[in-house]
Structures are given as C-alpha cells and as structure tokens.
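# Descriptive structure summary
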Amino acid sequence: MTQGPTESSWERVGDRTYVLTLPAFKANIGLVIGDEKAVVIDTGAGPGEAATIHAAVREITDLPLVAVNTHAHADHFFGNAYFAAHGVEDIWAHAAAVEAMEATGEKQRALVAGSEPDMAAAAGEHTELRLPNCTVADEPVDLDLGGYTVTLFHLGRGHTAGDLLIGSGNVLFAGDLVEEGTHPEFEDSYPYEWRKTLGKMIAIDELYSVVVPGHGRVVDQDYVRSQLRNLRQAIRMCNTAIHEASVDYTKAVPVLPYGPTQSRHLILRLKATETPADTIMPH
Ligand SMILES: [Zn+2]
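Let us look at the structure shown here. Predicted model only: the values in this text are computed from it and were never measured.

Looking only at helices and strands, the chain features nine helices and twelve strands. Relative to its length of 283 residues, the chain is compact, with a C-alpha radius of gyration of 19 Å against a globular reference of 19 Å. With respect to the three principal axes, the spread of C-alpha positions in the chain is 60 × 45 × 30 Å. Burial statistics for the chain: of 283 residues in total, 53% are counted as buried. For the chain, long-range pairs separated by at least 24 residues make up 67% of all intrachain contacts whose partners lie at least 6 apart in sequence. Counting only carbon and sulfur atoms, one obtains 51% of the accessible surface of the chain, whose full area is about 12500 Å².

Residue position: N69 is located in the loop between β5 (65-68) and α2 (74-77). With a relative accessible area of 0%, N69 lands in the buried category. Counting along the chain gives 24 residues from N69 to A45, while the straight-line C-alpha distance between them is 11 Å. With residues near it in sequence (within four places) discarded, N69 still touches D42, T43, H76, F77, N80, I91, W92, A93, M101, P132 and L164. At 3.1 Å, the side chain of N69 forms a polar contact with the backbone oxygen of H76.

For the zinc ion, every protein donor is listed as H71 (NE2), H73 (ND1), H159 (NE2) and D176 (OD), and the spread of their distances is 2.2 to 2.3 Å. In terms of primary sequence, the donors binding the zinc ion are separated according to H-x1-H-x85-H-x16-D. Highlighted residues: H73 in the loop between β5 and α2 and D176 in the loop between β11 (171-173) and α6 (191-203), separated in sequence by 103 residues. H73 sits in the buried class, given a relative accessible area of 15%.

Once that is clear, we can look at the nonpolar core. Formed by 31 residues in total, the largest nonpolar core has its most connected members in L165, V178, L198 and M201. Secondary structure elements with two or more residues in this core: α6, α7 (221-243) and α8 (260-273). Counting residues per element, this core draws most heavily on α7, which supplies eight residues. Counting 22 residues, the second largest nonpolar core, distinct from the first, contains V13, I41, V141 and V210.

As a further point, take the pattern of salt bridges. The final tally for this structure, using the stated rule, is six salt bridges. As a salt-bridge pair, E193 and R157 come within 2.9 Å of each other at their nearest N and O atoms. On the criterion of sequence distance, the pair formed by E193 in helix α6 and R157 in the loop between β9 (149-153) and β10 (165-168) is long-range, its members being 36 residues apart. By relative accessible area, E193 is classed as partly exposed at 26%. A salt bridge links R217 to E180; its shortest N-O distance comes to 2.9 Å. In this pair, R217 sits in the loop between β12 (210-212) and α7 while E180 sits in the loop between β11 and α6, placing the two residues 37 residues apart along the sequence. Given a relative accessible area of 12%, E180 falls into the buried group.

Counted by the stated rule, this structure contains five aromatic pairs. Aromatic side chains F153 and Y208 sit 6.2 Å apart centroid to centroid with 20° between the ring planes, which places their arrangement in the stacked category. Taken together, the residues F153 in strand β9 and Y208 in the loop between α6 and β12 connect sequence positions 55 residues apart. Looking at F153, the relative accessible area reads 9%, which means it is buried. Taken together, a centroid distance of 5.2 Å and an interplanar angle of 55° make the contact between F186 and W194 tilted. Given a relative accessible area of 0%, F186 falls into the buried group. Using a relative accessible area of 1% as the deciding quantity, one classes W194 as buried. Grouped by ring-pair contacts, the aromatic residues F186, W194 and Y258 constitute a single cluster. In this structure, R157 packs its charged tip against the face of Y190, placed 3.9 Å from the ring centre. When the ring centre of Y190 is taken as origin, the NZ or CZ atom of R269, which lies over that ring, is 5.1 Å away.

Position of A84 among the secondary structure elements: in helix α3 (residues 80-85). Its relative accessible area of 25% is what places A84 among the partly exposed residues. The spatial distance from the C-alpha of A84 to the C-alpha of Y148 is 23 Å, given a sequence separation of 64 residues.

Calculation criteria
- Residues numbered from 1 in each chain as written.
- Predicted model: local features only at pLDDT ≥ 70, side-chain atom pairs only at ≥ 80, totals over all residues.
- Heavy atoms only, no water.
- Helix = DSSP H or I, 4+ residues; strand = E, 2+ residues; numbered from the N terminus.
- Rg over C-alpha atoms; globule rule 2.2 N^0.38 Å.
- Buried < 20%, exposed > 50% of the residue type's maximum accessible area, 1.4 Å probe, protein only.
- Contact = heavy atoms within 4.5 Å.
- Areas by Shrake-Rupley, 256 points an atom, 1.4 Å probe, with all protein chains shown as cover.
- Polar contact = N/O pair within 3.5 Å; in protein donor to acceptor, adjacent residues only side chain to side chain.
- Donors = N, O, S within 2.8 Å, 3.2 Å for Na, K, Ca; no water.
- Core = buried A, V, L, I, M, F, W, Y, C linked by side-chain atoms within 4.5 Å.
- Salt bridge = Lys/Arg side-chain N within 4 Å of Asp/Glu carboxyl O.
- Phe/Tyr/Trp six-rings, centres within 6.5 Å; stacked < 30°, edge-to-face > 60°.
- Lys NZ or Arg CZ within 6 Å of the ring centre and 35° of its normal.

All we've got here are geometric facts, nothing functional implied.
Next up, the structure:
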C-alpha cells in the first residue's frame with residue numbers, strides 16, 4: 001500500500017501560496033488558494049505525478065481547480081489530461097507554449113519513460129496530450145480566485161519561446177527561467193532574450209521577494225541575479241569563441257559555468273538565434 005502525500009508535503013511560501021517538490025525531476029508544483037477557486041501551477045510528467053499532485057491538493061482544499069503550465073516541457077504539462085478528467089476546465093499557458101506543445105508533445109513522450117512509462121507509451125488512462133484551452137500573450141492576465149488574485153504574465157522568451165510567470169502576493173513562480181540545484185537547460189532556449197528576461201525579472205524585484213524556480217529549492221532575487229551574471233558571462237565567452245574564426249568554438253565548453261550538455265546546447269542556440277544586434281552588443 002502506498003502512503004498518500006500529507007499536508008506537510010506542501011511548503012507554505014507566502015499568503016495562500018504553497019509549493020510541492022516532486023521527487024523525479026525535483027519539479028516544483030505551485031498551489032494558490034483563493035476563497036472560491038484554487039490554481040495549480042504545473043501538472044507533472046504524466047498521470048502518475050498528476051495523481052500525486054491532485055491528492056496532495058485535495059488534502060488542503062476542496063475548491064474547484066484551475067491549472068497553469070509554465071512552459072511546454074513534458075514534466076510541466078503531461079499531467080494535464082489527469083486534471084482535465086478530474087474537473088479542471090481551464091488550463092492556462094502562454095500562446096507560444098501551446099504551439100510548442102502541439103508541435104513537440106508526441107516527441108517529448110520519450111523523455112518521461114523512466115518515471116511515467118504509460119505516458120511514454122501513450123497507453124492507459126489520462127495519457128493523451130491535453131493542450132491548454134486558455135492562453136496568455138503580451139498582456140498580463142489576472143486570475144480572480146475569489147478574494148485573491150494571481151497574475152499570469154510573460155516577460156519575453158528565455159528558457160523557451162513561451163515562458164509564463166505567475167505572481168501571487170510577493171511570490172513569483174518562474175518556471176524553468178530559474179533553476180536551483182541544477183544547470184539551466186538551453187535546448188530550445190533563446191539565450192540572448194533569456195538574459196533580457198531575467199533583467200526584467202530583477203527590475204520588478206520589489207514586487208517579488210520569493211522566487212519559486214521550476215526545479216530545486218525556493219530562492220530569492222539575489223539568486224536570480226547570480227544566474228543572470230552566469231548567463232552574461234557564458235554568452236560573452238561563447239561569443240568570443242564563436243567569432244574567433246580560427247578557434248574551434250566547442251573549446252569554450254569546458255570553461256563555461258554549466259555542464260557539458262547545457263554548454264553545447266547554449267552554443268548551438270546562440271548560433272541559431274543570433275541577430276546582427278547581438279553581435280555588436282558590448283557585453
Ligand atoms: Zn523546462
């Protein structure tokens with residue numbers, strides 16, 4: 001018999017605002033409880049994690065639920081079908097994230113083979129890809145939960161094309177724009193824009209003193225500043241390597257402040273997303 005999650009699985013990080021860290025990818029799930037509705041932030045990597053999240057939610061609130069996906073990566077939205085089958089009508093995401101889910105969702109199934117074999121095989125209950133039906137674009141959206149409002153907004157591309165942030169009081173859910181305990185992932189990122197997006201996040205640091213990363217421990221804005229410093233430094237080093245034509249740019253990999261896989265992806269994405277303005281920026 002498996003032990004169900006307990007109320008103590010949730011860490012209270014602010015007024016009405018909780019975080020549950022899942023074991024498989026150390027993914028952080030958010031929960032904000034209003035007077036009439038509650039919102040779940042990210043739905044897990046498949047029906048298994050979604051069931052764990054749902055049970056944990058139900059230990060602390062019976063309110064109707066709304067879901068939000070911070071971005072289009074498997075471990076953040078593959079639990080959508082489970083939530084939809086358990087009464088969740090509205091699932092929110094950035095419009096570009098919904099496009100990416102549609103384009104890459106089936107391919108991403110392989111990523112969860114270890115923790116969610118049914119989801120990987122597209123076999124069994126709640127394993128269909130359920131796309132969000134409510135989208136955010138350039139304008140922020142206030143979600144009224146009854147007596148309490150959370151704000152969904154986009155500050156620009158970064159970790160992906162459609163990173164959504166969720167503000168609840170002084171708590172900011174940052175998705176994988178911020179990661180703790182592991183390196184940032186650049187595979188389908190926009191590194192130059194990510195730099196700007198983190199800068200915008202820091203510019204509103206008076207509003208949000210607590211930052212919930214997509215993975216790892218809850219951090220503060222100093223942590224976000226250090227992540228931005230690392231990214232700036234890494235981009236500078238890569239650009240030097242890329243633009244010294246005589247040098248094999250992959251030689252930059254060992255000196256970058258990330259792991260070898262992340263470093264290779266960063267270099268590839270810098271080359272793929274480079275604009276003339278980037279090459280002359282004095283960074
Ligand atoms: Zn991600």
